[in-house]
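Remarks on the overall topology
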Amino acid sequence: MAASDTANAVAAAALPRHVAIIMDGNGRWAKKRHLPRIAGHRKGVEAVRTVTRAARALGIEALTLYAFSSENWRRPEEEVGDLMGLLRHFIKSDLAELVSENVRLRVIGDYRKFSADTVAMIDDAMARTAGNTGPLLVIALNYGSQAELAAAAQELARRVRDGEMAAEAIDTEAIDGLLETSDLPPLDLLIRTSGEQRLSNFLLWQAAYAELLFVDTLWPDFNAETLQEAIDAFGRRQRRFGGL
């Protein structure tokens with residue numbers, strides 16, 4: 001193998017196929033600048049745009065962003081409304097780019113709990129990118145990993161009850177196949193911004209052997225450079241998957 005081929009192979013091995021990010025710190029970013037929280041969320045949307053472009057440039061196959069958790073309904077109604085408005089704005093302003101850049105847009109979570117116009121926009125955006133063959137941009141909306149796992153357990157219980165499968169046939173593959181991420185590459189790297197060190201009910205099953213990286217950078221300040229630093233950190237880790 002030529003030296004250049006070896007270098008390319010090493011670089012490919014160091015590149016995660018699937019990266020997920022818990023985008024945290026919008027409110028603190030705004031507070032530090034004596035701005036309303038919505039200003040932090042607006043800046044956070046700009047970071048989404050920057051990071052998704054950077055991920056495409058790096059060749060990452062799938063990028064999953066935790067945009068709205070099932071627990072975020074506990075926030076003030078005005079803030080939830082602002083977040084929904086920013087989501088609609090992002091779809092309106094960036095959909096043409098996603099289509100032209102061959103990006104497939106996916107949404108995981110019970111997004112149908114949102115307003116009818118928001119649901120219609122999401123459905124239209126996914127339909128318009130469904131035929132694309134390039135990288136995946138996955139947005140987690142009204143998503144909670146525990147609810148996802150409970151739904152998979154309920155479906156398996158129904159199949160056993162109806163005689164479609166034996167209880168002994170339930171294994172990790174059966175559970176994995178019923179998750180909303182079943183057709184995505186395995187999760188390689190999960191990043192959380194803002195210095196917090198918890199998963200907050202995000203991709204709990206999928207993160208079983210993912211590399212976890214907690215960075216102090218607030219999400220609105222996360223950019224192509226900090227993403228590259230995260231990828232570099234991933235490349236320095238040794239992944240044993242329980243072996244030696």
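The model shown is predicted, which means the values in this text are computed figures rather than measured ones.

Broken down by element type, the protein chain carries eight helices and six strands. Sequence-ordered secondary structure for the protein chain, helices as α and strands as β, is α-β-α-α-β-α-β-α-β-α-α-β-β-α. Rg of the C-alpha trace for the protein chain: 19 Å, near the compact-globule value of 18 Å for 244 residues, within the 12% margin. By its C-alpha atoms, the protein chain is 55 × 55 × 35 Å across when sized along the principal axes. The proportion of buried residues among the 244 residues of the protein chain is 45%.

With that settled, the discussion passes to the pattern of salt bridges. Across all of its chains, the model carries 20 salt bridges by this definition. We note a salt bridge from Arg53 to Glu97, for which the minimum N-O separation is 2.7 Å. In this pair, Arg53 is assigned in helix H3 (residues 37–58) and Glu97 in helix H4 (residues 77–100), connecting sequence segments 44 residues apart. Judged by its relative accessible area of 21%, Glu97 falls in the partly exposed class. In this structure, the salt-bridge partner of Glu97 is Arg56, at a minimum N-O distance of 2.8 Å. Of this pair, Glu97 sits in helix H4 while Arg56 is found in helix H3, placing the two residues 41 residues apart along the sequence.

This part covers the pairing of strand S4 (residues 136–143). Counting buried positions along S4 gives eight out of eight residues, so the element sits mostly inside the fold. With five bridges connecting them, strand S3 (residues 104–108) and S4 associate as parallel partners. Bridge pairing in S4 places Arg104 opposite Leu136. Handedness of the crossover is the feature at issue here: the chain leaves S3, passes through helix H5 (residues 116–129), returns alongside S4, and the resulting connection is left-handed.

The next thing to look at is the packing of aromatic side chains. Under the definition given, this model contains seven aromatic pairs. Relative to Phe202, the ring of Tyr143 lies with its centre 6.0 Å away and its plane at 85°, an arrangement referred to as edge-to-face. Note that Tyr143 is positioned in strand S4 and Phe202 in the loop between strand S5 (189–192) and strand S6 (211–214), a separation of 59 residues in sequence. For Tyr143, a relative accessible area of 1% gives the class buried. Residue Phe202 is classed as buried on the basis of its relative accessible area, which comes to 0%. For the ring pair Trp219 and Phe222, a centre distance of 5.4 Å and an interplane angle of 20° mean the geometry is stacked. As far as the burial class goes, Trp219 and Phe222 line up, both buried. Ring pairs connect the aromatic residues Tyr66, Tyr143 and Phe202, which therefore count as one cluster.

Counting 47 residues, the largest nonpolar core has Ile21, Ile122, Leu141 and Ile191 as the members making the most contacts within it. With nine residues, the single largest contributor to this core is H4. Ranked by size, the runner-up nonpolar core spans 16 residues in total, among them Ile22, Tyr66, Ile108 and Ala207.

Taking strand neighbours across the sheet as the criterion, the six strands line up as S3-S4-S2-S1-S5-S6 in an open arrangement whose pairing is parallel. Pairing within the sheet leaves two strands with one partner each, and these edge strands are S3 and S6. Across this sheet, the average inter-strand angle for adjacent strands is 20°, counted without regard to direction. Across seven bridges, the pairing between strand S2 (residues 62–69) and S4 is parallel. Paired with Ala62 across the bridge in S4 is Leu136.

Tracing the backbone through its elements, the reader meets Arg33 in the loop between helix H2 (26–32) and H3. When the C-alpha atoms of Arg33 and Val103 are compared, they prove to be 34 Å apart, with 70 residues separating the residues in sequence.

A word on helix H8 (residues 224–236). Between its first and last C-alpha, H8 extends 19 Å over 13 residues, near the 18 Å set by a 1.5 Å rise per residue. Taken residue by residue, H8 has Thr226, Leu227, Ala230, Ile231, Ala233 and Phe234 as its buried positions. Buried residues along H8 cover an arc of 160° about the axis, so they all sit on one side. Away from its buried face by more than 90 degrees, H8 exposes Glu225 and Arg236. Put simply, Asn223 is the residue that caps the front of H8, since its side-chain oxygen is 3.0 Å from the backbone nitrogen of Glu225.

Calculation notes
- Residues numbered from 1 in each chain as written.
- Predicted model: local features only at pLDDT ≥ 70, side-chain atom pairs only at ≥ 80, totals over all residues.
- Heavy atoms only, no water.
- Helix = DSSP H or I, 4+ residues; strand = E, 2+ residues; numbered from the N terminus.
- Rg over C-alpha atoms; globule rule 2.2 N^0.38 Å.
- Buried < 20%, exposed > 50% of the residue type's maximum accessible area, 1.4 Å probe, protein only.
- Salt bridge = Lys/Arg side-chain N within 4 Å of Asp/Glu carboxyl O.
- Pairing = 2+ DSSP bridges.
- Right-handed = clockwise from strand over helix to strand, strands pointing away.
- Phe/Tyr/Trp six-rings, centres within 6.5 Å; stacked < 30°, edge-to-face > 60°.
- Core = buried A, V, L, I, M, F, W, Y, C linked by side-chain atoms within 4.5 Å.
- Axes fitted to C-alpha atoms, helices over the stretch in contact; angles between N-to-C directions.
- Expected span 1.5 Å × (residues − 1).
- Arc of directions from axis to C-beta.
- Polar contact = N/O pair within 3.5 Å; in protein donor to acceptor, adjacent residues only side chain to side chain.

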